[in-house]
Structure formats: structure tokens, C-alpha cells
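One-letter residues, chain by chain:
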Amino acid sequence: MKTTFHQAAFDWDDSNISKNWEKHKVKFTESEEIFLNNPVIVEIEKSKIIYHEDRKAAYGTTDDGRLIFVAFTVRNNKIRVISARDMSRKEREFYEETKKAAGL
């Protein structure tokens, strides 16, 4: 699946910026970068959501080639990052296979 966010706007919560850095050493700028580098976007199953908004997952690479998983939602036409971390081995395999199947 190819999704491009040429001029993505972000809505940042200071606590999420701190949490992602402290827990996973992911800078908020790295989270933003993956949206500009043709991420793979998938819906998160409704049964796993305890919130009242649609959540999505983005798998992508930073400008430095770091493979990042980002859970996010869209609020007021802006991307709101919930969580960001390095991809697991299975997530990396999924990402590479999906990109290859899409010819990217």
C-alpha cells in the first residue's frame, strides 16, 4: 500500500513527545520523517481500540534509514502520533514484503 503525505501537518502532545523519547529513544522529528518517506499504513483492528477514534499504524523509514513503527490517529486533518518505536523483526519483515509487493 502506498501512501504519500507530501505536506503532512502534525498535532503534537508534549507528553507523547517525552514518552516516545524516554521509552523508545525516538525523536518526534523521526516520527514525522516516516510520513514523508512513503510509509506503509494499515488500520488497527477496532477490537483492539479502547478509544473513540480510528487508530492506524505506519511502518516506515527515517531519513537516516531507521525502521520505525508509529501508532497514530488523524484529528482535524493533522497526524497525531500516539506511540513511536523501532519495528520488531516481524514488523520489519511485513514492511519489506509489503514494499516489495507494491514495487517500491
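See the structure shown above.
Structure report, in brief. (Residues numbered from 1 in each chain as written. Predicted model: local features only at pLDDT ≥ 70, side-chain atom pairs only at ≥ 80, totals over all residues. Heavy atoms only, no water.)

## Looking at the packing of aromatic side chains
Evaluated as defined, the whole model comprises six aromatic pairs. Ring geometry for Phe-35 against Phe-72: centres 5.0 Å apart, planes inclined by 85°, an arrangement best described as edge-to-face. Residue Phe-35 is located in helix 2 (residues 28–36), and its partner Phe-72 is located in strand 3 (residues 67–75); the two are separated by 37 residues in the primary sequence. Note on accessibility: Phe-35 and Phe-72 belong to one class, buried. Each member of the aromatic cluster is reached from another via a ring pair, and the members are Phe-10, Trp-12, Phe-28, Phe-35 and Phe-72. (Phe/Tyr/Trp six-rings, centres within 6.5 Å; stacked < 30°, edge-to-face > 60°. Helix = DSSP H or I, 4+ residues; strand = E, 2+ residues; numbered from the N terminus. Buried < 20%, exposed > 50% of the residue type's maximum accessible area, 1.4 Å probe, protein only.)

## Details of the environment of Gly-60
Inspection of the secondary structure puts Gly-60 in strand 2 (residues 56–61). For the pair Gly-60 and Ser-31, spaced 29 residues apart in sequence, the C-alpha separation works out to 8.9 Å.

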